[in-house]
Amino acid sequence: MYSIIVVPPPTTEDEPARTQYRLAPGERLVFGRSVPGDGLRIGHDGVSRRAGEIAAHGTFWTLSNLCAHQTYVVENPEGAGEHIKVAPGRLDAPVPFEFSRIVLPAAGDLLPVEVWAPRHDYLRGEDGTDGEPTAPAFSVDRTKRYFAVLAALCEPRLRGAPHAPLPTMDQVVERLRPSWPAASRTSVQWNIDYLAVKLRLKPGPETAEPGPRLNGKKESLVSLALRFDLVREDDLVVLTAPSGRALR
């Protein structure tokens, strides 16, 4: 059974007509400007004759960069800017993303090759019943107002714009109004300061020595939250919660 689906770059032809390549574990697909009949041909003068090779494994895939001079970027469209770089000549670089976009620089153009790896295996059950439970790395309560503030800060990048500027304080206040009618600049700032301490970006007020001033506090919070999936796109529902389920 196939585990990897490869979608070629769009062409001048009808978008829905793009052929999808399905790879079973162990199968490989070469792509480039001039490849064998069963390969993925990309008709662009800026693409190498044999540009690269995709290899399917059980739950992930690898990318070989067969170009001698050009780095390839593999983006995670759902990861708010998450990406890996595959250097020229690198073979079998593992790609962990479920949905990926290989970006091929081609004489001024950026050609996207989409790769889907929908099969993911997960451990079922607990990791043991003896002893004390493991403390969570980050403890967040999705019913609290501070989480709604964090979600509002992360929203632009979770909506598919990984380099979007963060919302201003006034924009955060306005975004929170459906679920938190009394939101204000002061209350939002208090929650941002609280998050910086809660997520250990700066020491708490009870410490003997005052912590250093945290520059780019909002940027640091968003970066941490997105990197460790503290806020996902599904969590943005807290921003439109009906008044009957107002945040606490």
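Residues numbered from 1 in each chain as written. Predicted model: local features only at pLDDT ≥ 70, side-chain atom pairs only at ≥ 80, totals over all residues. Heavy atoms only, no water.

This part is about the overall build of the protein. The helix and strand tally for the protein stands at 4 helices and 11 strands. The buried share among the 248 residues of the protein stands at 38%. Taking as baseline every contact in the protein between residues at least 6 positions apart, the subset at least 24 positions apart corresponds to 52%. When the accessible surface of the protein is split by element, carbon and sulfur atoms take 51% of a total near 14,700 Å². (Helix = DSSP H or I, 4+ residues; strand = E, 2+ residues; numbered from the N terminus. Buried < 20%, exposed > 50% of the residue type's maximum accessible area, 1.4 Å probe, protein only. Contact = heavy atoms within 4.5 Å. Areas by Shrake-Rupley, 256 points an atom, 1.4 Å probe, with all protein chains shown as cover.)

Before going further, it helps to spend a moment on the pattern of salt bridges. On inspection of all chains with the given rule, the structure shows 11 salt bridges. In this structure, Glu75 engages Arg101 in a salt bridge whose closest nitrogen and oxygen atoms are separated by 2.9 Å. One end of the pair, Glu75, is in strand E7 (residues 72–75); the other, Arg101, is in strand E10 (residues 99–106), with 26 residues separating them in the sequence. Note that Glu219 and Arg157 form a salt bridge whose closest N and O atoms lie 2.8 Å from each other. Separated by 62 residues along the polypeptide, Glu219 in helix H4 (residues 217–227) and Arg157 in helix H1 (residues 145–158) bring together distant segments of the chain. (Salt bridge = Lys/Arg side-chain N within 4 Å of Asp/Glu carboxyl O.)

Right, let's get into the sheet that holds strand E9 (residues 93–95). Pairing within the open sheet is mixed, and its 5 strands lie in the order E4-E3-E5-E6-E9. Each end of this open sheet is capped by a strand with a single partner; those strands are strand E4 (40–41) and E9. Direction of pairing for strand E3 (residues 28–32) relative to E4: parallel, over a ladder of 2 bridges. Following the sheet pairing, Phe31 is matched in E4 by Leu40. (Pairing = 2+ DSSP bridges.)

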